[in-house]
Amino acid sequence: MNKDLTVGKPETVLWQFCLPLFGSIIFQQLYNIADSLVAGKFIGENALAAVGNSYEITLIFIAFAFGCNMGCSVIVSQLFGAKKYGLLKTAVTTACTFSAILCAVLMLVGLLGCDPLLLLIRTPEEVFADSKLYLDIYVWGLPFVFFYNIATGIFSALGDSKTPFYFLAVSSASNIAVDILFVKAFDMGVAGVAWATFLCQGISCVLAVLTVWIRLGKIGIAEKVPLFDWSLLKKIMVIAVPSILQQSFISVGNIMIQSVINGFGPSVMAGYSAAVKLNNLVITSFTTIGNGISNFSAQNLGARQYGRIKECYRSGLKIVWCLCVPFCLLYIFFGRYLLILFLKQGSEAAMMTGQQFLWILSPFYFVVSSKLVADGILRGASAMGKFMVATFTDLVLRVILAFALSGLTGASTGIWCAWPIGWTIATTLSIFFYHKEYEKLSDGSYLNTQAE
């Protein structure tokens, strides 16, 4: 159901909109967590290392899908807030056309380039074959990843965060069952994990796209609208390209960090693979709430309701900090028990690696979540330059410090310390940029060109 985010008490509206988004990302992360859990428990430590090793490369592909999601979502939000429904429909079809072409190019690159990437990150010989197998199957499923992201971006833009939640709840639960069926009953190994994800993502994608098509058909307009518009594509790209670059460079940075981790051997790789899944569950949750804040901001900017943006920022902080408390306590005091879920017969080295990672990072969730709230407003306001400066600062610092601190300490612990330092400095920048952007709204100098 479409929802106008420009009316009602901002805090109440934001809570109602963001909580289903949080639930959706929990189920979305179950795809990756289920893959690692089944690989670690039913196949072995090397299989877990292979899935985790491949995951960093799949994030590059997801970065492009996410960028298309955000470009479409922010522009559609602004047009929906401005009640320009004809342009809204053209923006959707324009985004879909561009995404289809981009997806085809990436599939070609993926099928030809996965081997060199695996070699580049120093993938150990004992996990190379399984890593390649997982990636090859994943690449064939890229159209599902792209069009599902476009569909969920449109739902969010229209103020509907519940429909994606329903799709993901069913498909993620199914993915766990099919994972176990393919691996344990059919003895398909890592291929079973990959094919289970392929199948369940495909079904959820088809259902989501059909629902979007029906939903848009109910938005009545008198005139016939074009299917493609270069000016709208340019506006979408203003949001999409920085978002793609952000996620891509983060993925490239993670791959570089993964290459350092791989030098410590399969046990450290497995421990990191398990712990980073738990960490990504939290960070992706915050990022998704930030995306919801982008939609809220964009709709209100399209409707020229500038006064609601500051309330959105304060309410967003309340939401993410409420989530920080249980995650932080859970990972600090019960992290070992969560890691056991992933490790069939994990070595003590793998277990300690995972625990140290969670102990060092989890207290700083309060910091990075504040950054992602500010980033959400910057993105909704199309202030992508400021957004990218803060993001790249975090990335560059994290990569440099991972290499430097691991070299100085001679242990993987040095790598984990790079995260909090990068987060803290980047958060300071994001909050500063948010306040500068809000000043433009307050003094009337802001012109929301994206909705014109």
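See the structure printed just above.
Keep in mind it's a predicted model, so treat the numbers as computed, not measured.

Criteria and cut-off values
- Within every chain, residues take consecutive numbers counted from 1 along the sequence as written.
- Owing to the predicted nature of the model, reporting of local features is limited to residues with pLDDT of at least 70; listing and counting of side-chain atom pairs is limited to 80 or more, with chain, interface and lining totals taken over all residues.
- For side-chain calculations, the full set of non-hydrogen atoms in the structure is used, while hydrogens and water are omitted.
- Axis lines are fitted through C-alpha atoms, for helices just across the contact stretch, and the angle between N-to-C directions can take any value from 0 to 180 degrees.
- A run of H or I in DSSP counts as a helix once it spans at least four residues, and a run of E counts as a strand once it spans at least two, with each numbered from the N terminus.
- Working rule for contacts: check all heavy atoms of both residues, and any pair within 4.5 Å makes them a contact.
- Salt bridges are defined as contacts in which a side-chain nitrogen from Lys or Arg sits within 4 Å of a carboxyl oxygen from Asp or Glu.
- Exposure categories follow from relative accessible area, calculated using a 1.4 Å probe and restricted to protein chains: below 20% of the type maximum is buried, above 50% is exposed, and the middle band is partly exposed.
- Without a salt bridge and with relative accessible area above 30%, a residue can belong to a patch; like charges are then joined within 9 Å and nonpolar side chains (Val, Leu, Ile, Met, Phe, Trp, Tyr) within 5 Å.
- Note on areas: Shrake-Rupley with a 1.4 Å probe; residue coverage comes only from the protein chains shown.

Caption draft 1: Structural view of the packing of helix α5 (residues 142-157) against helix α6 (residues 162-185). Where α5 contacts α6, the two axes come as close as 8 Å, and the packing angle between them is 145 degrees. Facing α5, whose interface residues are Y148, T152 and F155, α6 presents T163, P164, F167 and L168.

Caption draft 2: Structural context of the pattern of salt bridges. The full count for this structure, using the stated rule, is 7 salt bridges. Its salt-bridge partner being D115, residue K132 comes within 3.2 Å of it at the nearest N-O pair. Here K132 is found in helix α4 (residues 125-140), whereas its partner D115 is found in helix α3 (residues 85-120), with 17 residues between them in sequence. Look at D115 and you get partly exposed, because its relative accessible area is 29%. Of the charged contacts, one joins D160 and R215 as a salt bridge, the two residues approaching to 2.8 Å between their closest N and O atoms. Placement of the pair is D160 in the loop between α5 and α6 and R215 in helix α7 (residues 190-217), with a sequence separation of 55 residues. When its relative accessible area of 3% is taken as the criterion, D160 is described as buried. Owing to a relative accessible area of 15%, R215 belongs among the buried residues under this scheme.

Caption draft 3: Structural context of a nonpolar patch on the surface. A cluster of nonpolar residues, W321, V325, L329, L330, F333, F334, Y337, I340 and F366, forms a patch on the protein surface that exposes about 870 Å² of accessible area. A per-element tally of the nonpolar patch places helix α10 (residues 308-340) first, with 8 residues. As for its placement among the helices and strands, W321 is situated in helix α10.

In short, geometric facts, not functional conclusions.
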